[in-house]
Amino acid sequence: MDKFIYGLRQLIFGFLLILTPIFAAAQSTRINENNLTAWGTINADWNLNEKLGIHLDINQRRVNITEDIFQHLYRIGMNYKPNKNIYLRAGYVLSRTSPFGDIQEAVSHQTSTEHRTYESISFSSKAGRLETSHRIIMEQRWNGKFSSPDLNKQDSWSYANRARYRIRFDYSFQKHTNQQSYPYIAAYDELMIHFGKQVKENVFDQNRIGCLTGYAISPVTRLEFGFMYQVLQLSKKYFDKNVFQNNSNLMVNLLLNLPGHAATK
């Protein structure tokens, strides 16, 4: 037994000797920075009938909660719901993003535009008051680029694909199915990965993990407040190093589910 323990210690020590320079090299080739932001979202779905609908959401994101807006994002789409547990959507996104964080702001103040198309599928299941949902999104992204920091207008575009997977848990405090107003809590994690020939530095794009407190005001309106922690790798190197942003985000979401087909009956 003593020989086994001694051998195990030697094996662990050997692995540490191998991994230490690897971790040291990784740290020496990357920069980490921390930011505080606030994200506000209005998310609306208008149901044309029991299966088809129109989606719209508007996002505004600020640095240091109340300071400059660093991103406007607008998303539209068409919804298709083959049954109560599956949700399909396809659409278009327009965003305008300004540099934020010490590293980006030290290099450039140019605002870039992104055009994006996307396709998504969501499916969910319930066990009592707990609902578990999964969402998969495929995105096709065209990002504006500047060949010089002196330019005021983008002069080229880069293309990349991004895959996203989110798992979310919602726990409702609804006492009975006829109760229209009730609180709930939610937690989620979302991973985003780039792929394609033009992706160089950030195959891993970002990960978001969050928790929310929500209130269903009515069957049409919900309001959510919460916190989301985001690890984001920038798409290019700065000062010959990969940059990872560790962003702490305060979240406010207004969700609308408008029953257009029911209102006209």
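Everything discussed here concerns the structure shown above.
Residues numbered from 1 in each chain as written. Predicted model: local features only at pLDDT ≥ 70, side-chain atom pairs only at ≥ 80, totals over all residues. Heavy atoms only, no water.

Q: Please set out the sheet that holds strand β3 (residues 69-83) residue by residue, giving values where relevant.
A: In spatial order, the strands read β1-β2-β3-β4-β5-β6-β7-β8-β9-β10-β11; together these 11 strands close into a barrel with mixed pairing. Each adjacent strand pair in this sheet contributes to an overall mean axis angle of 20°, direction not counted. Across 14 bridges, the pairing between strand β5 (residues 112-127) and strand β6 (residues 130-145) is antiparallel. Within the sheet, the bridge partner assigned to R116 lies in β6 and is R141. (Pairing = 2+ DSSP bridges. Helix = DSSP H or I, 4+ residues; strand = E, 2+ residues; numbered from the N terminus. Axes fitted to C-alpha atoms, helices over the stretch in contact; angles between N-to-C directions.)

Q: Summarise the side chain of R168; cite the residues concerned and give the values.
A: Tracing the backbone through its elements, the reader meets R168 in strand β7 (residues 156-172). Residue R168 is classed as buried on the basis of its relative accessible area, which comes to 11%. Reaching out from R168, the side chain makes a polar contact with the side chain of E224 at a distance of 2.9 Å. The residues contacting R168, other than those within four sequence positions of it, are E131, T132, S133, Y184, A186, A187, Y188, L212 and E224. (Buried < 20%, exposed > 50% of the residue type's maximum accessible area, 1.4 Å probe, protein only. Polar contact = N/O pair within 3.5 Å; in protein donor to acceptor, adjacent residues only side chain to side chain. Contact = heavy atoms within 4.5 Å.)

Q: Summarise the pattern of salt bridges; cite the residues concerned and give the values.
A: A side chain with one charge can pair with a side chain of the opposite charge if their charged atoms come near. On inspection of all chains with the given rule, the structure shows 13 salt bridges. Note that R162 and D205 form a salt bridge whose closest N and O atoms lie 2.7 Å from each other. With R162 in strand β7 and D205 in strand β9 (residues 204-216), this pair connects stretches of sequence that are 43 residues apart. D205 shares its class with R162; the two are buried. With a shortest N-O distance of 3.9 Å, E224 and R222 are connected by a salt bridge. Within this structure, E114, R116, R135, E139, R141, R162, R164, E190 and D205 form a network of salt bridges that share partners. (Salt bridge = Lys/Arg side-chain N within 4 Å of Asp/Glu carboxyl O.)

Q: With reference to specific residues and values, describe the pairing of β3.
A: In this sheet, β3 lies alongside strand β2 (residues 52-63) in antiparallel orientation, the contact comprising 11 bridges. Bridging from a neighbouring strand, L52 pairs with Y80 of β3. Between the antiparallel neighbours β2 and β3 lie 5 residues, among them N64 with a positive phi of about 50°. Counting the residues in the hairpin turn of β3 and strand β4 (residues 86-97) gives 2 residues.

Q: Now, about the environment of N161: what can you tell me, with residues and values included?
A: Note on placement: N161 falls in strand β7. Separated by 35 residues in the primary sequence, N161 and G196 place their C-alpha atoms 6.0 Å from one another. Once you skip the residues sitting within four places of it in the chain, N161 turns out to touch E139, Q140, I193, H194, F195 and G196. Within the structure, the side chain of N161 is placed 2.6 Å from the side chain of Y159, a separation counted as a polar contact.

Q: Go over the nonpolar core with me, naming the residues and quoting the values.
A: Counting 9 residues, the largest nonpolar core consists of W39, V63, F70, F100, A186, Y188, L212, M228 and M251. Beyond its immediate sequence surroundings of up to four residues, W39 is in contact with Q60, R61, F70, R208, M228, Q230, N249, L250, M251 and V252. (Core = buried A, V, L, I, M, F, W, Y, C linked by side-chain atoms within 4.5 Å.)

Q: Got a sec to walk through a nonpolar patch on the surface? Specific residues and values, please.
A: On the surface, a cluster of nonpolar side chains totalling about 950 Å² of accessible area is made up of W46, L48, L52, I54, M78, Y80, L88, I121, F123, I136, Y165 and L258. When contributions to the nonpolar patch are tallied by element, the ones reaching two or more residues are β2, β3 and β5. Within the element layout of this structure, F123 appears in strand β5. (Patch = residues over 30% accessible without salt bridge, like charges linked within 9 Å, V, L, I, M, F, W, Y side chains within 5 Å. Areas by Shrake-Rupley, 256 points an atom, 1.4 Å probe, with all protein chains shown as cover.)

Structural measurements only, silent on function.
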